[in-house]
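Tertiary structure, described
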Amino acid sequence: MSDRAAGTGWRDLKHLLSLAGPDQIAAAADRCEAIPVSEIRFEQPIPNPEKILCVGLNYADHAGETKIATPDMPSIFVRFPSSQVGHLEPVVAPTVSDTFDFEGELAVVIGKPARGVSEAQAMAHVAGYTIFGEHSVREWQFHSRQATPGKNFWRSGSIGPWITTADEIPDPTKLRLVTRLNGKEMQNDTVDHLIFKIPYLISYMSGFTELLPGDIISTGTPSGVGFARDPKIYLKPGDEIEVQIDPIGTLRNSVVAEAGYQRDGA
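In short, a report on the structure. (Residues numbered from 1 in each chain as written. Predicted model: local features only at pLDDT ≥ 70, side-chain atom pairs only at ≥ 80, totals over all residues. Heavy atoms only, no water.)

**Considerations on the overall build of the protein chain**
Heads up, the condition is: Secondary structure follows DSSP: runs of H or I at least 4 residues long count as helices, runs of E at least 2 residues long count as strands, and numbering of each begins at the N terminus. For a compact globule the rule gives 2.2 Å times the number of residues to the power 0.38, and the radius of gyration it is set against comes from C-alpha atoms. Exposed residues in this analysis have more than 50% of their type's maximum accessible area, buried residues have under 20%, and partly exposed residues fall in between, with area computed by a 1.4 Å probe over protein chains only. We call two residues in contact when some of their heavy atoms are within 4.5 Å. In this count, Lys and Arg are taken as positive residues and Asp and Glu as negative ones, while His and the chain termini are left out. Every charge is mapped to an atom, namely NZ of Lys, CZ of Arg, CG of Asp or CD of Glu.
Helix and strand counts for the protein chain come out as 7 helices and 14 strands. Relative to its length of 266 residues, the protein chain is compact, with a C-alpha radius of gyration of 18 Å against a globular reference of 18 Å. The principal-axis extent of the C-alpha atoms belonging to the protein chain is close to 50 × 45 × 30 Å. Here the protein chain, with 266 residues, has 53% of them falling under the buried criterion. A separation of at least 24 residues holds for 78% of the contacts in the protein chain among residues at least 6 apart in sequence. Taking the 24 positively charged and 34 negatively charged side chains of the protein chain as two groups, their mean positions are separated by 3 Å.

Written out as structure tokens, the structure is:
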């Protein structure tokens, strides 16, 4: 968010969504002054979401590589905003474990409140889509049946570069997700292979909580993750991880060690 947006009547994208809703979001964005990419420091597109809800084991091939049965119901966990960074910001490999794994995902951004909506109504609540590096510290993820510790290390995940509005992606099932580690392809699949499709996820989640403008749903990762490989491949300082979903773009992050890294991100 730039000072050049002053006078538009909104503070950030979450505020814009609450004011405009998904039907007007593209037009509202068009009224803002264009800023050259070279002048931008990327941050999280939604810096202050009330909820970040993530789906585990949502591709059958990924469930298979982990040797876990395909779930009958969605496996949902939460992430905190402090556990993610924006495009081109470094993700942080924690000191306490060397099992820092990569996961590329498509994320859905909610544009208007949703509570108890049907699958038929669900997509009307989508403002747009972005890319999520839902990276995990596997050792801590598998401490118990609850994945939350391994999913919330400080600055371990990433999101961005921006939000592509829903009108530009009329059918998200056609999207292809590719994850590369140091230029080598690690994951490659299409969103139509989701076990639980986006309308179902929105309907299901809105059954237990009210989804609000700016809330983020990360839909799950395909097969190819590091801990399921032989030998295992984990992220380490100096690596570069990128997740590409066209036409959204490419989310790119370097990896740095936590030791010596400034807590304010400097």
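**Observations regarding the sheet that holds strand β11 (residues 184-190)**
How we decide: Any two strands with at least two DSSP bridges between them are considered paired. Axis lines are fitted through C-alpha atoms, for helices just across the contact stretch, and the angle between N-to-C directions can take any value from 0 to 180 degrees.
Ordered by their spatial adjacency, 5 strands build an open sheet running β4-β14-β13-β10-β11, and the pairing between neighbours is mixed. Either end of the sheet is taken by a strand with one partner, and the two such strands are β4 (91-93) and β11. Each adjacent strand pair in this sheet contributes to an overall mean axis angle of 20°, direction not counted. With 6 bridges joining them, strand β10 (residues 176-181) and strand β13 (residues 240-246) adopt antiparallel strand pairing. Each bridged residue has a counterpart across the sheet, and for T179 the counterpart in β13 is V243.

**A few points about the pairing of β13**
Bridge count for β13 against strand β14 (residues 249-257) is 6 bridges, and the pairing is antiparallel. Bridge pairing in β14 links I245 to G249. The turn linking β13 back onto β14 is made up of 2 residues.

**Quick word on the layout of surface pockets**
It is a probe the size of a water molecule, rolled over the atoms, that shows where empty space is left. Selection rule: Computed over the protein atoms alone on a 1 Å grid, cavities are sets of points where a 1.4 Å probe fits but cannot get out and pockets are open sets with protein on both sides within 12 Å along at least five of seven lines; a residue lines them when it has an atom within 4 Å of a point. Grid points are joined across faces, edges and corners, and a volume is the space filled by probe spheres set on the points. When residues are sorted by character, Ala, Val, Leu, Ile, Met, Phe, Trp, Tyr, Cys and Pro go into the nonpolar class, Asp, Glu, Lys and Arg into the charged class, and all the rest, Gly among them, into the polar class.
Put simply, the second largest pocket is a space of about 540 Å³. Taken together, 25 residues form the lining of the second largest pocket, with L57, S75, Q141, R145 and A147 sitting closest to its centre. Looking at the lining of the second largest pocket, the elements that each hand over two or more residues are β1 (52-56), β2 (75-78), α5 (138-141) and α6 (148-151). With 3 residues, β2 is the largest single contributor of residues to the lining of the second largest pocket. In the lining of the second largest pocket, the residues fall into 9 nonpolar, 10 polar and 6 charged.

**Details of the side chain of H125**
Summarising the element assignment, H125 is placed in the loop between α4 (119-122) and β7 (126-133). Owing to a relative accessible area of 10%, H125 belongs among the buried residues under this scheme. Setting aside anything within four residues of it in sequence, one finds H125 in contact with V109, I110, G111, K112, P113, A114 and V117.

**Notes on the pairing of strand β6 (residues 104-110)**
Of all 7 residues in β6, 7 are buried; the element is thus mostly enclosed. Sheet topology places β6 next to β7; 7 bridges connect them, and they run antiparallel. Following the sheet pairing, V108 is matched in β7 by Y129. By the bridge criterion, 3 bridges tie β6 to strand β12 (residues 216-218) in an arrangement that is antiparallel. Note that in β12 the partner of V108 across the bridge is I217.

**Quick word on helix α7 (residues 198-208)**
Those residues of α7 that fall on the buried side of the exposure criterion are I198, L201, I202, S203, M205 and S206. On the buried face of α7, the contacting elements are β1, β2, β6, α4, β7 and β12.

**Some remarks on the sheet that holds strand β3 (residues 84-85)**
Taken in spatial order, the 7 strands line up as β2-β1-β12-β6-β7-β9-β3 in an open sheet, and their pairing is mixed. Two strands close off the open sheet at either side, each with one partner strand: β2 and β3. Pairing between β3 and strand β9 (residues 157-165): 2 bridges, direction parallel. Considered in β9, the bridge of V85 is made with S158.

**Here's the deal with the packing of aromatic side chains**
What counts, and what does not: Only Phe, Tyr and Trp rings take part, Trp by its six-membered ring, and two of them pair if their centres are within 6.5 Å. Stacked means planes under 30 degrees apart, edge-to-face means over 60, and tilted covers everything else. Two conditions define a charge sitting above a ring: the NZ of Lys or the CZ of Arg must be within 6 Å of the ring centre, and it must be within 35 degrees of the ring normal.
By the definition in use, this model includes 7 aromatic pairs. For the ring pair F196 and Y200, a centre distance of 5.7 Å and an interplane angle of 25° mean the geometry is stacked. Given the relative accessible area of 23%, Y200 is considered partly exposed. A network of ring pairs unites the aromatic residues F196, Y200, Y204 and F208 as a single cluster. The cationic tip of R155 hangs over the ring face of W154; the distance from NZ or CZ to the ring centre is 5.6 Å.

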